[in-house]
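Understanding the architecture of this molecule
As a plain string of letters, each chain reads:
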Amino acid sequence: MNQRWRLLALWLLPIGMTAVLAWQLLGSSQLSPDTSNATSIAPKNTAVSRMSYGRFLDYVQDGRVTSVDIFDGGRNAVVEAIDPDLDNRVQRIRVDLPGLAPELINTLKEEGISFDIHPAKTAPPALGILGNLLFPIILITGLILLARRSSSMPGGPGQAMQFGKTKARFAMEAETGVKFDDVAGVTEAKQDLQEVVTFLKQPERFTSVGAQIPKGVLLVGPPGTGKTLLAKAIAGEADVPFFSLSGSEFVEMFVGVGASRVRDLFKRAKENSPCLIFIDEIDAVGRQRGAGIGGGNDEREQTLNQLLTEMDGFEGNSGIIIIAATNRPDVLDSALMRPGRFDRQVSVDPPDIKGRLSILKVHSRNKKLEASLSLENIARRTPGFTGADLANLLNEAAILTARRRKESIGLNEIDDAVDRIIAGMEGQPLTDGRSKRLIAYHEVGHALIGTLVKDHDPVQKVTLIPRGQAKGLTWFSPDDEQMLISRGQLKARIMGALGGRAAEDVVFGRAEVTTGAGGDIQQVASMARQMVTKFGMSDLGPMSLEGDSQEVFLGRDLMTRSDMSDAIAKQIDEKVREMVKLCYEETLLIVKNQREAMDKLVEILVDKETIDGDEFRNILSEFTLIPDKERITPILNT
Ligand code: ADP
Ligand code: MG
Ligand code: ZN
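A brief look at the structure comes next. Fair warning: this is a prediction, and the values are worked out from it, not measured in the lab.

What follows covers the overall build of the chain. A tally of regular secondary structure across the chain gives 22 helices and 14 strands. Relative to its full complement of 638 residues, the chain shows a buried share of 44%. Taking contacts inside the chain between residues at least 6 apart in sequence as the whole, the part at least 24 apart equals 74%. Just so you have it, the chain exposes about 33,400 Å², and 52% of that area is on carbon and sulfur atoms.

This is how it looks when you write it as structure tokens:
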């Protein structure tokens, strides 16, 4: 379905462009809502004097112009200039321009004049002709709107329509209202940042002993770990205004716009110091200059240069601290990290079990929980969840509770919400039949191997209720506290993933195996390959044969080709194949030996649709000996 929409969207691209032009001529304000404040200073409705283009250029040379707003595709502009004869009063003057000449833009940039380009407006003579075209245009636009909604590809029609639309430049919050107490589970980061609060609140404590106050702090961590929240909390604790701008907003299609935004931002910040500037996704502008396929991106580099200039431009204790966030510090331009710029890095990692518990406490403050519900258990069930995931989890659980018309959130709602976040929406179970049995055997195959192979994580539950893309699911509970994974465990995981296919194979025969194991097999391939090439776990020995760089397009090093000969590449393939083959044989053997147990388990599973881990192990123990899984259960003292 999705695929089809994308195709449609692609196909519509040329028509889309035509329609955009038509709409712009028509002056429709609905299709391209102008979010900036440009309309309020549009040339028409402001009583301003006029001047000639030549005079305007003189003004620019004399440094009298402070800002320029360009309209109608560069045909006219409103200029703000100061008049030395009138106490430097600011005047608004209208100028007719010869068009959007690059020389003009360059001059403005050189002179450091802030300027903005607003989208083109009505051209009345076109109206008459367009009247006749109205119907097809509306029709086509309707289609485009449809296509646009479903297309998220960069460069697709959605992108084309946004061209030239001025966005809000940056956001300012006088008071964020967020305190350090609202950010949980990132104790170390908070300690590091506590100092920044002091810089903002009592700079004299540092300057009096001659210490330079740092200008920039880089927060590094995956999405959803609370970087934005931390930045807001610093502003909240220090009681200073919070300016924010996202790196992706810098990167504009009009050359020079990004840089002028940076300039505006710093200008406003200086007027409001002490304050905090937060630049989210700094990697969007701060990538290594001159990297990437197809040469550098001038616009981005200019923006970055402007940012660096601004950072160098203010004194150490100007009262402005810049906090930037990224999850890809490796691609950042090294000039950004130099002393006097973002020379401090604070990493904001996904929380461990204790962290998760304290985040859950923060977010359950305003929620009604059943008395029996233990947050500790939830924290244990959610390894890998970030702060944002946990906040989302509690919210989903609250929604489910309301939908079920219950008074307070219980364990069932939490469980369902966790499943939903990890695996997607629940679907309708299949009616009994051949497919349902096949899926049941497949899942029991996973669970069987997971239980009988000693190094595998224990089974948490097996279910035939579909979720997301999956028709059936086997859940395991990974050991969260364990940092390193052994070779035995990796092998066990490969076998576990192969268990589903092995069961289909044994029960239904080779001709009947299904595509259902596709995902499993992909996982197997990637685990086995990493064991050989990354972890040195094959008899090729401890060698790292493949780098991490997969993102050729984005990263710093354009083409890190591995220094691998064809002979080695062939050996790797052989080792991977051999490893998977051995694992599959071992898996098949276990499955064949447990045929009877499997039949019984499938019977029960088809009937009940879900079996939890303990029940599964109970039933299986009637047929065979189950190895003990020693685990380090996390000890909590909070
Ligand atoms: P990031 O900027 O790192 O992507 P955000 O700060 O935007 O993450 O986090 C999104 C939301 O997730 C926050 O508004 C908050 O509700 C929740 N959240 C994330 N991390 C934490 C945390 N450490 N403590 C409390 N809430 C958090
Ligand atoms: Mg963020
Ligand atoms: Zn499977």
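This part covers the sheet that holds strand β11 (residues 344–347). In any sheet, the strands associate via hydrogen bonds between backbone groups, in a parallel or an antiparallel arrangement. A sheet is described by the order of its strands in space; here six strands give the open sequence β6-β8-β9-β10-β7-β11, paired in mixed fashion. Edge strands, defined here as strands with exactly one partner in the open sheet, are β6 (171–173) and β11. Neighbour to neighbour, the strand axes of the sheet diverge by 20° on average, direction disregarded. Bridge count between strand β9 (residues 275–280) and strand β10 (residues 320–326): five bridges; the pairing is parallel. Across the sheet, residue L276 finds its bridge partner in β10, namely I321. Across the face of the sheet, helix α6 (residues 187–201) comes into contact with β7 (216–220), β9, β10 and β11 while running at roughly 135° to β11.

Before going further, it helps to examine the site of ligand 1. Taken together, 14 residues lie around ligand 1, and A184, G224, K227, T228 and H363 are the ones closest in. Between G226 and ligand 1, the recorded distance is 3.0 Å, taken from a backbone N or O atom to an oxygen atom. In the model, a nitrogen atom of ligand 1 is placed 2.8 Å from a nitrogen or oxygen of the H363 side chain. Calculation on ligand 1 without its partners gives an accessible area of 560 Å², and the protein chains cover 78% of this total. Of all elements in the fold, only α8 (227–238), α13 (353–364) and α15 (387–403) reach the threshold of two or more residues within the shell around ligand 1.

This next bit is on the packing of helix α18 (residues 487–508) against helix α20 (residues 566–593). Axis angle and axis distance: for two packed helices, these are the angle between their axes and the distance between the axes, and together they describe the pair. Packing of α18 against α20 leaves a shortest axis separation of 8 Å and a crossing angle of 55°. Put simply, α18 runs oblique to α20. Here α18 and α20 pass one another in a crossing that is right-handed. Here K491, I494, M495, L498, G499, R501, A502, A503, D505 and V506 of α18 lie close against α20, whose contacting residues are V580, C583, Y584, E586, T587, L588, I590, V591 and K592. Grouping the constituent residues of the contact of α18 with α20 by class yields 12 nonpolar, two polar and five charged.

Note: most residues except glycine have negative phi, and most peptide bonds are trans. Note the cis peptide between S273 and P274, where omega equals 0°. In this model, E281 sits at a positive phi of 45°, which is unusual for a non-glycine residue. The residue E281 is located in the loop between β9 and α11 (283–286) in this model. Using a relative accessible area of 37% as the deciding quantity, one classes E281 as partly exposed. With phi around 75°, E609 is a residue other than glycine that occupies positive phi space. Within the secondary structure, E609 sits in the loop between α21 (595–608) and β14 (610–612).

Examined against the element boundaries, R356 turns out to sit in helix α13. Accessibility expressed as a relative area gives 0% for R356, which makes it buried. For the pair R356 and A379, spaced 23 residues apart in the sequence, the C-alpha separation amounts to 5.4 Å.

Next up on the list: the coordination of the zinc ion (ligand 3). Within the first shell, the zinc ion (ligand 3) binds the protein through H442 (NE2), H446 (NE2) and D520 (OD), at distances of 2.1 Å. Here the donor residues of the zinc ion (ligand 3) share one chain and are spaced in sequence as H-x3-H-x73-D. Pair noted here: H446 is in helix α17 (residues 434–452) and D520 is in helix α19 (residues 518–533), with a separation of 74 residues, a long-range link. Like H446, the residue D520 is buried in the burial classification.

Applying the stated criterion across every chain yields a total of four aromatic pairs. Ring geometry for F199 against F206: centres 4.6 Å apart, planes inclined by 65°, an arrangement best described as edge-to-face. As far as the burial class goes, F199 and F206 line up, both buried. Centre to centre, the rings of Y441 and F508 are 5.7 Å apart; their planes meet at 80°, and the pair counts as edge-to-face. Linking Y441 in helix α17 with F508 in helix α18, this pair joins segments that are 67 residues apart in sequence.

The next thing to look at is helix α12 (residues 298–313). End to end, α12 covers 22 Å across 16 residues, agreeing with the expected 22 Å (1.5 Å per residue, within 8%). Of all the residues in α12, the buried ones are E299, R300, E301, T303, L304, Q306, L307, L308, E310 and M311.

Here the focus is the nonpolar core. Soluble, globular proteins show a tendency: their nonpolar side chains are buried together. Formed by 49 residues in total, the largest nonpolar core has its most connected members in V444, I494, V591, M598, L605, F616 and L620. Sorting the residues of this core by element identifies α17, β12 (459–463), α18, α19, α20, α21 and α22 (613–621) as the ones contributing at least two each. When residues of this core are assigned to their parent elements, the largest contribution, 10 residues, is made by α18. Residues F180, L193, F206 and A235 belong to the second largest nonpolar core, which totals 29 residues.

Let's shift gears to the pattern of salt bridges. The full count for this structure, using the stated rule, is 32 salt bridges. The residue E173 makes a salt bridge to K232 at a minimum N-O spacing of 3.5 Å. Of this pair, E173 sits in strand β6 while K232 sits in helix α8; the two residues are 59 residues apart in sequence, bridging distant segments of the chain. Given a relative accessible area of 23%, K232 falls into the partly exposed group. With a shortest N-O distance of 2.7 Å, K608 and E615 are connected by a salt bridge. For K608, a relative accessible area of 42% gives the class partly exposed. Sharing partners across several salt bridges, the network here consists of E370, R404, K406, E413 and D416.

The next thing to look at is the pairing of β9. For β9, the tally of buried residues reaches five of six residues, placing the bulk of the element in the interior. In terms of strand pairing, strand β8 (residues 242–246) meets β9 through five bridges, oriented parallel. Paired with F242 across the strands is L276, a residue of β9.

Each value, and the rule that gives it
- Position numbers for residues count from 1 along each chain, tracking the sequence in the order it is written.
- Chains carry letters from A onward and ligands carry numbers from 1 onward, assigned in written order.
- Since the coordinates come from a predicted model, pLDDT governs what is reported: local features require at least 70, and pairs of side-chain atoms require 80 or more to be given and counted, while whole-chain, interface and lining totals use all residues.
- In computing side-chain properties, one takes all heavy atoms of the structure into account and sets aside hydrogens as well as water.
- By the criteria applied, helices consist of DSSP H or I runs no shorter than four residues and strands consist of E runs no shorter than two, each listed in order from the N terminus.
- To sort residues, take the accessible area from a 1.4 Å probe on protein chains only and compare it with the maximum for the residue type: under 20% means buried, over 50% means exposed, and anything in between is partly exposed.
- Should any heavy atoms of two residues lie within 4.5 Å, those residues are counted as being in contact.
- Accessible areas in this description were obtained via Shrake-Rupley with a 1.4 Å probe; residue shielding takes into account the shown protein chains only.
- In this description, strands pair whenever DSSP reports at least two bridges between them.
- Each axis is a line fitted through C-alpha atoms, and for a helix only the stretch in contact is used; angles between axes span 0 to 180 degrees, taken between their N-to-C directions.
- Being near a molecule or strand, for a residue, comes down to having at least one heavy atom within 4 Å of it.
- Distance and chemistry together define a polar contact, namely a pair of N or O atoms within 3.5 Å, with one atom able to donate a hydrogen and the other to accept it when in protein, and with adjacent residues in sequence counting only for side-chain atoms on both sides.
- With respect to orientation, any angle under 35 degrees is reported as roughly parallel, any angle over 145 as roughly antiparallel, any angle of 65 to 115 as roughly perpendicular, and every other angle as oblique.
- Helix crossings get a hand from a simple test, with the near helix turned counterclockwise from the far one by less than a right angle marking a left-handed crossing and a clockwise turn marking a right-handed one.
- Here the nonpolar group is Ala, Val, Leu, Ile, Met, Phe, Trp, Tyr, Cys and Pro; Asp, Glu, Lys and Arg are the charged ones; every other residue, Gly included, is treated as polar.
- Atoms of type N, O and S within 2.8 Å of a metal are treated as its donors, and for Na, K and Ca the window is 3.2 Å; water is not considered, so some sites may appear to be missing partners.
- Within 6.5 Å between ring centres, the rings of Phe, Tyr and Trp (the latter by its six-membered ring) count as paired, and their orientation is classed by plane angle as stacked under 30 degrees, edge-to-face over 60, tilted in between.
- An expected span of 1.5 Å times one less than the residue number is assigned to each helix.
- What makes a nonpolar core is a set of buried Ala, Val, Leu, Ile, Met, Phe, Trp, Tyr and Cys residues whose side-chain atoms join them at distances within 4.5 Å.
- A side-chain nitrogen of Lys or Arg and a carboxyl oxygen of Asp or Glu constitute a salt bridge if their distance falls within 4 Å.

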